[in-house]
Amino acid sequence: MLDEFQQTETPFVVFEEDLELARNLRNRSYDVVFGKLDEEPEVLSGVENARAVVANADDHANAICILIARERGFSGPIYALAGDPLYRPPMLQVGATEVFTPSHVLAAALAARASTRISPPADGMHLLGSQVGLAEFRVRAGSPLAGKRLGDLQLRVRYGVTVIGQWVCGAFNTANGPDTCIEAGAILVIVGAQANLEKVERLALPIRRSGPIVLAGYGEVGRKFVEMLNDAGEMVIVIDRDVAPGIDIAGNVLEHRTMERARMREASAVVLALSNDSEGVFATAVVRDYAPQVPLIVRANRAQNIPRLYQAGADFALSVGQVAGQILAYHLRGEQAVAVEHRLKFIRVVAGLLAGGHPWRDQVRERTGAVVVAVERGDRVLVEFDDAFMVRPDDTLFVCGTPDSLERYLREFEATLADSQY
């Protein structure tokens, strides 16, 4: 959060009770006030002129900070970060405006990425029925797809499928046209007829979304993660070093025997919620080597280690610091709310200005970022279109994209949603 404040030239001052840390922050050119609140409450003199206060110490120190800030006449917003959700009501009682538990938000983000029951791959898939499916494929380094442009691969013509985008280092990149390059190690999101999707298995490794979810690490984040998945009806296999209630396998996640007992290669996802980032980076490399096809989701303590996790083989990585920073940036500066997953959506629309055109050859993707994946004509749903195919005014189109790209599609082609959208 402070890095973002510096980049946007937002003024701030840090109050710190740890002398060594205060010196380190001052050496980084931060404005720092040092003192002991319980002994010297006057060190918060001037807080009444602040725009906002963030309490980011331990829970007990946060409560003292909130009380003294209010005693000194500060009437603005106070945002507190709680390690234990049980302390949220007391902090609100002593004067906090909002109290957040970043570890629980992080657990929710990891759960959404691991479980399709909590967060399906795309909204509105029910509109397609059984004719069209969405699948994910991992592009191995030796795959014929790796490093190739979509325009050269001609996947629509050869296989009747459409690449919606690819996950690379936790970011979803929409395929914007023939110049889009498919990266080795990426997870492709592809739409097409079920039979056509099976043809792509010769080119890339399909990602199975059935089977248990394996969790390594049963701390605060891990426990909340399991609670959310159990509520969603998912089967979770929990690994931790120590024998304790809630742990299924006591062992070292770095050992093949432990991974075999956890059926890691059969998992629909593996989540590493380890308390030590160094161990997390090494465990990421070990698990990726042992189960190269399984989606691997990793929690980090420090945001600086996120690039190392991706280099080690993580598909998705997020830190408590990132979550807390995004929450606070949203409330302090009105930025976008916490976004941990790129959402895809299917909509069903009338033909609009695409009538008389071709679903795949009228620059739809290039102009909007969305793609037409199927055409409903009478009681048939068509998913493959030869060169002579022409959209009729009474056709209904199935379009896939992000919320922003779908809005552009509706504007660009003057289309409206079809009647039976739900």
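Analysis parameters
Residues numbered from 1 in each chain as written. Predicted model: local features only at pLDDT ≥ 70, side-chain atom pairs only at ≥ 80, totals over all residues. Heavy atoms only, no water. Pairing = 2+ DSSP bridges. Helix = DSSP H or I, 4+ residues; strand = E, 2+ residues; numbered from the N terminus. Patch = residues over 30% accessible without salt bridge, like charges linked within 9 Å, V, L, I, M, F, W, Y side chains within 5 Å. Areas by Shrake-Rupley, 256 points an atom, 1.4 Å probe, with all protein chains shown as cover. Salt bridge = Lys/Arg side-chain N within 4 Å of Asp/Glu carboxyl O. Lys, Arg positive; Asp, Glu negative; His and termini not counted. Charge placed at Lys NZ, Arg CZ, Asp CG, Glu CD. Axes fitted to C-alpha atoms, helices over the stretch in contact; angles between N-to-C directions. Contact = heavy atoms within 4.5 Å. Buried < 20%, exposed > 50% of the residue type's maximum accessible area, 1.4 Å probe, protein only.

Concerning the sheet that holds strand E8 (residues 161-168)
Step number 1: Ordered by their spatial adjacency, 5 strands build an open sheet running E9-E8-E10-E7-E11, and the pairing between neighbours is antiparallel. Because the sheet does not close on itself, it has two edges, and the strands there are strand E9 (171-174) and strand E11 (205-206).
Step number 2: Relative to E11, strand E7 (residues 132-138) runs antiparallel, the two being bridged by 2 bridges. By the bridge assignment for E11, arginine 138 is matched with leucine 205.

Side note on a negative patch on the surface
Step number 1: A contiguous patch of negative charge, built from Asp38, Glu39, Glu40 and Glu42, is present on the exposed surface.
Step number 2: With respect to the element layout, aspartate 38 can be found in the loop between strand E2 (32-34) and strand E3 (53-55).

Here we look at the sheet that holds strand E4 (residues 78-81)
Step number 1: The strand order across the open sheet built from 3 strands is E3-E4-E5, with neighbouring strands paired in parallel fashion. In this open sheet, the two strands that pair with only one neighbour each are E3 and strand E5 (98-100). Taken pair by pair, the neighbouring strands of this sheet meet at an average axis angle of 20°, ignoring direction.
Step number 2: Where E4 meets E5, 3 bridges bridge the pair, whose relative direction is parallel. The partner of leucine 81 across the bridge, within E5, is phenylalanine 100.
Step number 3: Seen against the sheet, helix H13 (residues 320-333) touches E3, E4 and E5 and runs at an angle of roughly 170° to E4.

A short note on the side chain of serine 319
Step number 1: Tracing the sequence through the fold places serine 319 in strand E17 (residues 316-319).
Step number 2: Taking the relative accessible area as the measure of exposure, serine 319 reaches 0% and is therefore buried.
Step number 3: Sequence-distant contacts of serine 319, that is, excluding residues within four places in its chain, are made with Leu106, Ala300, Asn301, Arg302, Ala303 and Ile306.

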